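Working through the structure, step by step
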Amino acid sequence: MSFEHWFAFAAASAVLLAIPGPTILLVISYALGHGRKTAGATVAGVALGDFTAMTASMLGLGALLATSAAIFTVLKWVGAAYLIWLGIKLWRAPVAAGGDAEVESASGERPLRIFLHTYAVTALNPKSIVFFVAFLPQFLDLSQPLFTQMAIFELTFLTLAILNASLYAALATAARSTISKPNVRRIVNRAGGSMLIGAGLLTATMKRATA
């Protein structure tokens, strides 16, 4: 693989990852609601979710989703319902009085549950799998071994995804320290919940690729 092919893929991936989607919205919401203690869980969930989606696309699931209306629809509605459920849960999340972030974090969700939630949102999005099928081939050099290139691209994408999620989590955690009033925290939770619900509704309107 030439450096030009790899760099083009890395640059395009970095730009795409920087655009907040349902996964990043969830990372930000958890960072604002629970602090830095959950950052590792959300980042790990993003990494494993992206790994699952990319691996599934390489194994042919993306092509199947692009041609099978039934399978695509099932995954689409499951993913949409899950995002909406998480959004409602965040909207209704209790806010600790007096800005006691440590008490709120301790009484909130455990890292394992947060990890599983983030993983599910990342991996259950059929659009992600179909996207990888359409995205990766543009950067493959057909004159070189394909498996090696795909492995390098997957490792590159996962590294960038981890860095991107970590950055968003760190920024949200830093902002959390300035949001101490319960009323402000409640507004943030409801704004994040609304965005997750909106992402779920958008997921529900996704159309299957026909080409």
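This text follows the structure it describes.
Residues take numbers from 1 onward in each chain, read along the sequence in its written order. With the structure being a predicted model, the display of local features is reserved for residues of pLDDT at least 70 and the display and counting of side-chain atom pairs for 80 or more, all residues being used for whole-chain, interface and lining totals. Water and hydrogen atoms play no part in the side-chain values, which are based on all heavy atoms of the structure.

**So, the packing of helix α3 (residues 39-58) against helix α7 (residues 111-123)**
To be explicit about the condition: A fitted line through C-alpha atoms serves as each axis, taken over the contacting stretch for helices, and the angle formed by two N-to-C directions is quoted from 0 to 180°. In this description a helix means any DSSP run of H or I spanning at least four residues, a strand means any run of E spanning at least two, and both kinds are numbered starting from the N terminus. Handedness of a crossing is defined here by the sense of rotation of the near helix relative to the far one, left-handed for an anticlockwise turn of less than a right angle and right-handed for a clockwise turn. Here a residue-residue contact requires only that any non-hydrogen atoms of the pair lie within 4.5 Å. Any residue outside Ala, Val, Leu, Ile, Met, Phe, Trp, Tyr, Cys, Pro, Asp, Glu, Lys and Arg is labelled polar, Gly included; the first ten of those are nonpolar and the last four are charged.
Put simply, α3 and α7 touch, their axes get as near as 7 Å, and they point 30 degrees apart. At the point where α3 passes α7, the crossing takes the right-handed sense. Within the contact between the two elements, α3 uses Ala41, Thr42, Ala44, Gly45, Val46, Leu48, Gly49, Asp50 and Thr52 and α7 uses Pro111, Ile114, Phe115, Thr118, Tyr119, Thr122 and Ala123. Taken together, the residues that form the contact of α3 with α7 break down as 9 nonpolar, 6 polar and 1 charged.

**A look at the packing of α3 against helix α9 (residues 146-176)**
Here is the rule we go by: Under this scheme an angle from 65 to 115 degrees is roughly perpendicular, one under 35 degrees roughly parallel, and one over 145 degrees roughly antiparallel; angles in between are oblique.
Interaxial distance between α3 and α9 falls to 9 Å at its minimum, and their mutual angle equals 155 degrees. The orientation of α3 with respect to α9, classified from their angle, is roughly antiparallel. Of the two elements, α3 crosses α9, and the hand of that crossing is right-handed. Side by side, α3 and α9 meet where Ala39, Val43, Val46, Ala47, Asp50, Phe51, Met54, Thr55 and Met58 of the first sit next to Met150, Phe153, Glu154, Phe157, Leu158, Ala161, Ile162, Ala165, Ser166 and Ala169 of the second. In the contact of α3 with α9, the residues fall into 15 nonpolar, 2 polar and 2 charged.

Just geometry here; none of it tells us what the structure is for.
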